[in-house]
Structures are given as structure tokens and as C-alpha cells.
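# Structural characterization, general
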Amino acid sequence: MTAPKQVHYDFNAADALSKALSLAYDKITAFAELRAGQRTAQFNQFGREWRGGKRQQFESEFNAQQAALGRLAQEVLGIKGKVDHATSQAEKARAALLKNPEGN
């Protein structure tokens, strides 16, 4: 059996990726909130006049798009969680190696 290969974890890249994923999550949720606010403002101004099939179609498409944005935001959070977990595990491994460099 061969010895496992040494793995080098790039903490700087992991930190940059985690920050970028946080920013992506913030932008996605802010965009969804902006859309919801714009929709509310439009309906407060013109909503009573807009009825029927076209409004129902708009509502259906809007809700589907908002749900898709929500799923995307949750997926981004999930990926960020995995990156953060991998970083935590790498930090623990590094600490253990520094504590016992010979691996005994």
C-alpha cells in the first residue's frame, strides 16, 4: 500500500471563494427583495385595474422566478458551507501536523 499523497490546501483561495459566495448570496437575495418591492409598488399604483389572465400569468411567472432565485441563493449558501467546512477541517489537520510533525 502506498502512502497517501500530501494535499496542499490553499487557505487564501478558500477565503476568497467563501467571501465571493457570501457576496453572491447577498446580491441574489437583494435582487429578489428589489423585485418584490417593485412588484408591490406597481400593484399598489395600478393593481386594481389589472385583472384576468395576463395578471394571473404574470403572477405565476413572477412567483416561479422568485422561487428560482430563492433556490439559487440556498444553493450558494450550501456551497459556501462546504467550503467553510473544508477550510475548518484543513485548519484542524494543519494544527495537528504542527503539534505532531512526525505524525506519530
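Residues numbered from 1 in each chain as written. Predicted model: local features only at pLDDT ≥ 70, side-chain atom pairs only at ≥ 80, totals over all residues. Heavy atoms only, no water.

### Comments concerning the packing of helix α1 (residues 11-46) against helix α2 (residues 53-99)
Close contact between α1 and α2 brings their axes to 9 Å; oriented N to C, the two are set at 160 degrees. Between α1 and α2, the angle is such that the two are roughly antiparallel. Read as a crossing pair, α1 and α2 show a hand that is left-handed. Of the residues that constitute the contact of α1 with α2, the class distribution is 21 nonpolar, 7 polar and 8 charged. (Axes fitted to C-alpha atoms, helices over the stretch in contact; angles between N-to-C directions. Helix = DSSP H or I, 4+ residues; strand = E, 2+ residues; numbered from the N terminus. Parallel < 35°, antiparallel > 145°, perpendicular 65-115°, else oblique. Left-handed = near helix turned anticlockwise from the far one by under 90°. Nonpolar A, V, L, I, M, F, W, Y, C, P; charged D, E, K, R; others polar.)

### Things to note about the side chain of Arg35
Residue placement: Arg35 occurs in helix α1. For the buried Arg35, no salt bridge is present, and the opposite-charge side chain at shortest range is Glu61, 8.3 Å distant. Of note is the side chain of Arg35, whose polar atom sits 2.5 Å from the side chain of Gln65. Not counting the four nearest positions on each side in its chain, Arg35 is found in contact with Phe62, Gln65, Gln66 and Leu69. (Buried < 20%, exposed > 50% of the residue type's maximum accessible area, 1.4 Å probe, protein only. Lys, Arg positive; Asp, Glu negative; His and termini not counted. Salt bridge = Lys/Arg side-chain N within 4 Å of Asp/Glu carboxyl O. Polar contact = N/O pair within 3.5 Å; in protein donor to acceptor, adjacent residues only side chain to side chain. Contact = heavy atoms within 4.5 Å.)

### Describing α1
Between the first and last C-alpha of α1 there are 52 Å, a value that for 36 residues agrees with the 52 Å anticipated at 1.5 Å per step. Of the residues making up α1, those classed as buried are Ala14, Ser18, Leu21, Ile28, Ala32, Arg35 and Phe43. Where α1 is buried, its residues contact α2. The opening residue of α1 is Asp10, an N-cap whose side-chain oxygen sits 3.2 Å from the backbone nitrogen of Asn12. (Expected span 1.5 Å × (residues − 1).)

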